[in-house]
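What follows is the residue order along each chain.
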Amino acid sequence: MKRMLAACFCTLGLVLPTQAAEVSVAVAANFTAPMQKIAAAFAQDSGHQARLAFGSTGRFYAQIQQGAPFQLLLAADDETPARLEREGLGLAGSRFTYAIGRLVLWSPQSGLVDAQGLVLRQGRFDKLALADPKLAPYGAAAIESLTRLGLLQNLQAKLVQGENIAQAYQFVASGNAQLGLLALSQVQTEGRLRAGSAWVLPAWLHRPIRQDALLLNAGKDNPAALALLRYLQGDQARALIRAHGYEF
């Protein structure tokens, strides 16, 4: 894949320009914290600016189809960028996996979530927040996990859905839901839980959450878009991504 990207960049004549440019980036909501840090480091290192919009991958897909002027997509899955590439809305050969996400059961209350996630079976909560599975890959992973655990039917009445994973997090952080099935990156930094209690779901409970980046047609001639795509594969960006609980 790196060779394909290199060939793609060479074909487009990619070199770091002397003049700064700006790139419009659609970013999956789960990747908010690391991307804000990456964008700041990118601006400092390259002089380019990344204008970030955060939201659900499904919503971004619809907006891109309708002509939204995003130049780069950082999705929460690998299916949406592949679909956009097949539909001719992204540059062929530019797609790559920038992170693999993990799903976590989290509560801001210390001790509520145990190390095996048994709280889900014991039912000592009123509401469980998750992202809309039709729009957000982390929501789809949450539903898949509850199904494999044999708990979906029993917990159906307790589920509350946010449009994206950021809204699901807010439901829990605000106390409107006692628990949330969220992205690990939302509650962990440098390998440590920021607050509350959590259980990282075993990877076998859901399909891998491969998060792909895609250079969209609107960005193919933008030096900032091309530079950011390459920057995401560099050591500094990868260190920031790993620090927020993602894998590669």
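Since the model is a prediction, treat every value here as computed from it, not as a measurement. The numbers attached to residues start from 1 for each chain and follow its sequence in the written order. Since the coordinates come from a predicted model, pLDDT governs what is reported: local features require at least 70, and pairs of side-chain atoms require 80 or more to be given and counted, while whole-chain, interface and lining totals use all residues. Calculated side-chain values reflect all of the structure's heavy atoms, with hydrogen atoms and water omitted.

Visitor: What's the story with the overall build of the chain in this structure? I'm lost.
Guide: Per the convention used, a helix needs a DSSP run of H or I reaching at least four residues, while a strand needs a run of E reaching at least two, with both numbered from the N terminus. Counting its secondary structure elements, the chain contains ten helices and twelve strands. For a compact globule the rule gives 2.2 Å times the number of residues to the power 0.38, and the radius of gyration it is set against comes from C-alpha atoms. Taken against the 2.2 N^0.38 rule, which gives 18 Å for 248 residues, the C-alpha radius of gyration of the chain at 19 Å falls within 12% of a compact globule. Projected onto the principal axes, the alpha-carbon positions of the chain cover approximately 60 × 35 × 30 Å. Per-residue burial over the chain gives 51% buried out of 248 residues. Accessible surface is estimated by sampling points in the Shrake-Rupley manner with a 1.4 Å probe; for residues, cover comes only from the protein chains shown. Looking at the chain as shown, the accessible area adds up to about 11200 Å², and 49% of this sits on carbon and sulfur atoms. In the chain, the 23 positive side-chain charges and the 17 negative ones have mean positions that sit 4 Å from each other. Any residue under 20% of the maximum accessible area for its type is buried, any over 50% is exposed, and the rest in between are partly exposed; the area is computed with a 1.4 Å probe on protein chains only. Charged residues are defined here as Lys and Arg on the positive side and Asp and Glu on the negative side; His and the ends of the chain fall outside this count. To locate a charge, take atom NZ for lysine, CZ for arginine, CG for aspartate or CD for glutamate.

Visitor: Could you clarify how one ought to interpret the pattern of salt bridges in this entry?
Guide: Whenever Lys or Arg places a side-chain nitrogen within 4 Å of a carboxyl oxygen from Asp or Glu, that contact is recorded as a salt bridge. Within the structure shown, the criterion is met by seven salt bridges. The partner of Arg95 in a salt bridge is Asp212, and the shortest N-O contact between them spans 3.4 Å. Of the two residues, Arg95 is situated in the loop between helix H4 (79–86) and strand E4 (96–101) and Asp212 in strand E12 (residues 209–215); the sequence distance between them amounts to 117 residues. Owing to a relative accessible area of 25%, Arg95 belongs among the partly exposed residues under this scheme. The partner of Glu144 in a salt bridge is Arg207, and the shortest N-O contact between them spans 3.4 Å. With a gap of 63 residues between them, Glu144 in helix H6 (residues 137–148) and Arg207 in the loop between strand E11 (197–200) and E12 connect regions that are remote in the sequence. Of the residues examined, Arg207 reaches a relative accessible area of 53% and is grouped as exposed. Connected through shared salt-bridge partners, Glu85, Arg95 and Asp212 make up one network.

Visitor: For this particular structure, what's the right way to read the sheet that holds E11?
Guide: Sheet strands pair by backbone hydrogen bonding; their relative direction is either parallel or antiparallel. Strand pairing follows a simple DSSP-based rule, namely that at least 2 bridges must link the two strands. The mixed open sheet is built from five strands, whose spatial order is E7-E6-E8-E5-E11. The open sheet has two edge strands with one neighbour each: strand E7 (159–162) and E11. On average, adjacent strands in this sheet sit at an angle of 30° to one another, irrespective of strand direction. One ladder, built from four bridges, connects strand E6 (residues 128–131) with E7; its direction is parallel. Paired with Ala131 across the two strands is Gly162, which belongs to E7. Note on geometry: axes are C-alpha line fits, over the in-contact stretch for helices, and angles between N-to-C directions span 0 to 180 degrees.

Visitor: Help me out: how do you make sense of empty space enclosed by the protein in this one?
Guide: One way to see where empty space is left: roll a probe the size of a water molecule over the atoms. A pocket here means an open set of points on a 1 Å grid, computed over the protein atoms alone, that has protein on both sides within 12 Å along at least five of seven lines. A cavity is instead a set of points where a 1.4 Å probe fits but cannot get out; residues with an atom within 4 Å of a point line either one. Grid points are joined across faces, edges and corners, and a volume is the space filled by probe spheres set on the points. Scanning all chains against the criterion turns up one cavity of 30 Å³ or more. Approximately 60 Å³ is the volume found for the largest cavity. Along its surface, the largest cavity is lined by Ala28, Ala29, Asn30, Gly55, Ser56, Thr57, Ala76, Ala136, Pro137, Tyr138, Asn164 and Ile165. For this scheme, ten residues count as nonpolar: Ala, Val, Leu, Ile, Met, Phe, Trp, Tyr, Cys and Pro. Four count as charged, namely Asp, Glu, Lys and Arg, and the remainder, Gly too, count as polar. For the lining of the largest cavity, the residue count by class is seven nonpolar, five polar and no charged.

Visitor: Any chance you could explain the packing of helix H3 (residues 57–65) against H4 here in plain terms?
Guide: How two helices pack is summed up by the angle between their axes together with the distance between the axes. At a minimum axis separation of 10 Å, H3 and H4 run at an interaxial angle of 10°. With respect to each other, H3 and H4 are oriented roughly parallel. Judged by residue contacts, Thr57, Tyr61 and Ile64 of H3 engage Thr80, Arg83 and Leu84 from H4. Any angle between 65 and 115 degrees counts as roughly perpendicular, while under 35 counts as roughly parallel, over 145 as roughly antiparallel, and the rest as oblique. When checking whether two residues touch, look at their non-hydrogen atoms; a contact exists if any pair is within 4.5 Å.

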